[in-house]
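Report on the structure
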Amino acid sequence: MARTSRFPGFYKITVDERRAVVSDATGCEAGDIARSLDGGGLDAETADKFVENVLGTYALPYGVALNVRVNGKDHVVPMVVEEPSVVAAASNASKMIRAGGGFEAEIDPPLMISQIQLVDVDGPALAEEAIREHKREILALADAAIPGLVARGGGARDVEVRRLGGPEDRMMVVHVIIDCRDAMGANLVNSVAEAVADRLAELAGAKVGLRILSNLCDKRCVRIRCNVPFDVLSTDDMDGAQVAAGIVNASRFAELDPYRAATHNKGIMNGVDAVVIATGNDWRAVEAGAHAFAAKSGQYSPLATWRVEGGALVGRLEMPMALGTVGGTLRVHPGARLSLRMLDVEGAGELGAVAAAVGLASNLAAVRALATDGIQRGHMGLHARSVAVAAGAKGKLVEKVAALIVEARDITLDAAKRALDVLTSTGEGATAIED
Ligand code: MEV
């Protein structure tokens, strides 16, 4: 039976009840969910194998985005994030997008770039020619450094040469293009860079400089498109067409102004990073790639844009996405392994499409809020819940304290403590905790 990611009322039920719903829908056993997530999904002993000087682990909330349908397939999408409203916003916007058929994704092959810098190049034209003539030899050298990947159907695919700077710089860079299959590929690509560098320098009559991957993996992009019917965009005060026009204005603002584009893209990365972290991937690499790609034209630009086309709001997002579903952290992190089982993706490409789709949903939620009520209304309501918890509220008291401080327009720890005192002294606290 096809999976669904539509669970109406999910936010109202308890954590245990949510685990049961997700377990039924995804086939991940509730016990497995508990074992993989309780204690933050990672014990200190395992963490000690990851990094150095370990004292313990540091947990973040693990939620799921609902309603996400990519290329006709539903996904329950794990998100690890500390910011209130990100998960709710991604779920709500995905529901609007679902009303227009869901996300359509186009995924590039998993090609990463291995960079070998050559310095003290005296004859760049001859160097370039020599490298091009020995392309097959370089590809073979590269493949010999990554036999496991070659056995899995990946490997070196191409060699490109670029001259950098002016004649006084005497510098060039060689790119070896590697198909990383379902690996993120950093270690593989770095191994190739180190394996081929000496031979490249010899061919170029130059010296070896740096040997490392590029995080601007613009051959490994994902493109997401969605159609949002006007009627699902409407608010109490604005009809759908007005909201759509406001969203197009928001898009144009980001297209014209890098100051706004940075914040627009931050909203996209709210969704993308949360999925990247939940699946044990390197979010710094994804961030670096995203922002370098956004600036590639010479002006820092939005990764997603919005237009009205054919009577609907159409969103488009394009960004590099270097993710893995095998290797590295994924082998050992119980939380990351659970996320992949829950997501039910075929491989790294499909995972990248889901992460980018959640990024586009996050962007839609943000620009819709900004073009209508403003961001603070929804945001502060959720923020109030964290403040209530920080003030010591438990169980149903959290919602009650949050509601009081939102109503008083005073979302501070002091106000939350006062509200908690009032509720407990009037006896409401006891009932709230019991029910
Ligand atoms: C906040 O985390 C993200 C937003 O600032 C994004 C945006 O402005 O588009 C709301």
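Calculation rules
- Residues numbered from 1 in each chain as written.
- Predicted model: local features only at pLDDT ≥ 70, side-chain atom pairs only at ≥ 80, totals over all residues.
- Heavy atoms only, no water.
- Salt bridge = Lys/Arg side-chain N within 4 Å of Asp/Glu carboxyl O.
- Helix = DSSP H or I, 4+ residues; strand = E, 2+ residues; numbered from the N terminus.
- Buried < 20%, exposed > 50% of the residue type's maximum accessible area, 1.4 Å probe, protein only.
- Domains from an automatic or database assignment.
- Contact = heavy atoms within 4.5 Å.
- Buried area = accessible area lost by both parts, 1.4 Å probe.
- Polar contact = N/O pair within 3.5 Å; in protein donor to acceptor, adjacent residues only side chain to side chain.
- Nonpolar A, V, L, I, M, F, W, Y, C, P; charged D, E, K, R; others polar.

Things to note about the pattern of salt bridges
Applying the stated criterion to the full structure yields 28 salt bridges. In this structure, Asp344 engages Arg3 in a salt bridge whose closest nitrogen and oxygen atoms are separated by 3.7 Å. With Asp344 in the loop between helix H12 (334–343) and helix H13 (348–371) and Arg3 in the segment before helix H1 (15–26), the pair connects residues that are 341 residues apart, well separated along the chain. A salt bridge links Asp122 to Arg170; the shortest N-O distance between them is 2.9 Å. Of the two residues, Asp122 is situated in the loop between strand S4 (111–119) and helix H5 (124–133) and Arg170 in the loop between strand S5 (155–164) and strand S6 (171–179); the sequence distance between them amounts to 48 residues. Judged by relative accessible area, which is 60%, Asp122 ranks as exposed. Using a relative accessible area of 33% as the deciding quantity, one classes Arg170 as partly exposed. Linked by salt bridges that have partners in common, Glu106, Asp108, Arg223 and Glu318 make up one network.

Brief notes about the domain arrangement of the chain
Domain boundaries in the chain define domain 1 (10–107 + 220–373), domain 2 (111–214) and domain 3 (377–434). Here the C-alpha centroids of domain 1 and domain 3 sit 29 Å apart. Counting residues at the interface gives five residues for domain 1, matched by five residues for domain 3. Between domain 1 and domain 3, the buried area comes to about 430 Å², and carbon and sulfur atoms account for 61% of it. Among the residues domain 1 hides against domain 3, the three largest losses belong to Pro84, Ser85 and Asp373. Together they make up 79% of the total. On the surface where domain 1 and domain 3 come into contact, there are zero salt bridges. On inspection of domain 1 and its partner domain 3, the count reaches zero residue pairs in polar contact (both at pLDDT 80 or more). Looking at the side of domain 1 that touches domain 3, its residues break down into two nonpolar, one polar and two charged.

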